[in-house]
Amino acid sequence: MAEIRSQSAAAMAVAASALKAQQGRMRIIAENIANANSTARTAGGDPYRRQVPVFRPAKVEGAEGVAMARVEGDQKDFKTEYDPGNPAADAKGYVKLPNVDTLVEALDMKEAQRAYEANLNVIETARSMQSRTLDILKK
């Protein structure tokens with residue numbers, strides 16, 4: 001019974017670490033979407049730079065889970081748009097726009113949500129298996 005419990009606990013711990021990682025990922029994606037149309041505060045300055053989560057393996061309950069190691073700025077070039085009346089425009093009249101593609105962000109959000117749901121299902125299944133095992137042992 002102890003072996004079953006430890007395997008079940010490890011499975012739930014791995015899934016819980018993934019839930020936390022996906023939650024952080026969704027927060028970053030939401031931040032990217034919120035800043036998709038922002039410009040620099042100063043003329044010729046850089047606008048918001050898309051953020052990307054970086055994950056790393058992490059030990060949890062004797063198993064290998066996942067954790068967010070850091071958040072990095074996406075090094076893709078900024079988009080530019082000719083808008084000489086904009087306060088953020090450079091000397092040539094071009095405004096740098098964030099390197100955020102809202103379609104990509106929406107797809108990333110959907111993927112993160114599905115991964116989150118899958119890990120919730122793992123936890124629910126492990127819990128159900130524990131409950132079923134206890135029911136069998138009671139008989």
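Note that the structure is a prediction, hence the values are computed from the model and not measured.

Enquirer: Got a minute to help me understand the overall build of the protein chain in this structure?
Expert: Secondary structure assignment for the protein chain yields two helices and four strands. Listing every helix and strand of the protein chain by position from the N terminus yields α-β-β-β-β-α. Expected size for 139 residues packed as a compact globule is a radius of gyration near 14 Å; at 22 Å, the protein chain overshoots this value by more than 25%. Taken over the C-alpha atoms alone, the protein chain extends approximately 80 × 25 × 20 Å along its principal axes. By sequence separation, contacts in the protein chain at least 24 residues apart represent 60% of the contacts at least 6 residues apart. Summed over its atoms, the accessible surface of the protein chain is roughly 9100 Å², and 53% of this surface lies on carbon and sulfur atoms. Across the protein chain, the 20 positively charged side chains and the 18 negatively charged ones have centroids separated by 6 Å.

Enquirer: I'm lost on the side chain of N119 in this one. Help?
Expert: Tracing the backbone shows N119 in helix α2 (residues 102–138). If we skip the residues at most four places from it in the chain, N119 touches A15, A18 and L19.

Enquirer: Please explain the packing of aromatic side chains as it appears in this structure.
Expert: For any pair of aromatic rings, the description rests on two quantities: the centre-to-centre distance and the angle between the ring planes. According to the stated counting rule, one finds one aromatic pair in the structure shown. Ring centres of Y82 and Y94 lie 5.3 Å apart, and the angle between their planes is 65 degrees; on these two criteria the pair is classed as edge-to-face. Here Y94 lies in strand β4 (residues 94–97) and Y82 lies in strand β3 (residues 79–82), a separation of twelve residues in the sequence. The exposed category is assigned to Y82, whose relative accessible area is 53%.

Enquirer: Explain the confidence of the model for the protein chain here, please?
Expert: When pLDDT drops low, the exact placement of atoms in the prediction is not to be read closely. Overall, the predicted model of the protein chain reaches an average pLDDT of 91, with 96% of residues at or above 70. Model confidence for the protein chain, summarised as mean pLDDT per element, is weakest for helix α1 (residues 2–34) at 89 and strongest for strand β1 (residues 51–60) at 96.

Enquirer: Whenever I open this one, the UniProt feature "domain: Flagellar basal-body/hook protein C-terminal" (unreviewed entry) in the protein chain confuses me. Can you help?
Expert: As recorded in UniProt, the feature "domain: Flagellar basal-body/hook protein C-terminal" (unreviewed entry) lies at residues 92–135. Regarding residues 92–135, the helix share stands at 77% and the strand share at 9%, and the terminal C-alpha atoms are separated by 74 Å.

Enquirer: Explanation requested: the environment of A34 in the structure shown.
Expert: Take A34: it is sitting in helix α1. Measuring from C-alpha to C-alpha, the distance between A34 and L134 comes to 47 Å, with 100 residues separating the pair along the chain.

Enquirer: Please explain the pattern of salt bridges as it appears in this structure.
Expert: Charged atoms that come close allow side chains of opposite charge to pair. Taken as a whole and judged by the stated rule, the model has seven salt bridges. In this structure, the salt-bridge partner of R50 is D108, at a minimum N-O distance of 3.2 Å. Placement of the pair is R50 in the loop between α1 and β1 and D108 in helix α2, with a sequence separation of 58 residues. Take R50: its relative accessible area is 14%, and that puts it in the buried class. Using a relative accessible area of 19% as the deciding quantity, one classes D108 as buried. Among the charged side chains, a network of salt bridges with common partners joins R50, D74, E105 and D108.

Enquirer: Can you help me understand the environment of K59 in this one?
Expert: Note on placement: K59 falls in strand β1. One polar contact links K59 to E64, side chain to side chain, over a distance of 3.4 Å.

Enquirer: Can you help me understand the pairing of β1 in this one?
Expert: The side chains of a regular strand alternate, residue by residue, between the two faces of the sheet. Pairing between β1 and strand β2 (residues 63–73): ten bridges, direction antiparallel. What sits directly across from V54, in β2, is R70. Between β1 and β2, which pair antiparallel one after the other, the connecting turn spans two residues, and E61 there sits at a positive phi close to 45 degrees.

What counts and how
Residues numbered from 1 in each chain as written. Predicted model: local features only at pLDDT ≥ 70, side-chain atom pairs only at ≥ 80, totals over all residues. Heavy atoms only, no water. Helix = DSSP H or I, 4+ residues; strand = E, 2+ residues; numbered from the N terminus. Rg over C-alpha atoms; globule rule 2.2 N^0.38 Å. Contact = heavy atoms within 4.5 Å. Areas by Shrake-Rupley, 256 points an atom, 1.4 Å probe, with all protein chains shown as cover. Lys, Arg positive; Asp, Glu negative; His and termini not counted. Charge placed at Lys NZ, Arg CZ, Asp CG, Glu CD. Phe/Tyr/Trp six-rings, centres within 6.5 Å; stacked < 30°, edge-to-face > 60°. Buried < 20%, exposed > 50% of the residue type's maximum accessible area, 1.4 Å probe, protein only. pLDDT = per-residue confidence, 0-100. UniProt positions renumbered as here; feature names shortened; annotations may be inferred. Salt bridge = Lys/Arg side-chain N within 4 Å of Asp/Glu carboxyl O. Polar contact = N/O pair within 3.5 Å; in protein donor to acceptor, adjacent residues only side chain to side chain. Pairing = 2+ DSSP bridges.

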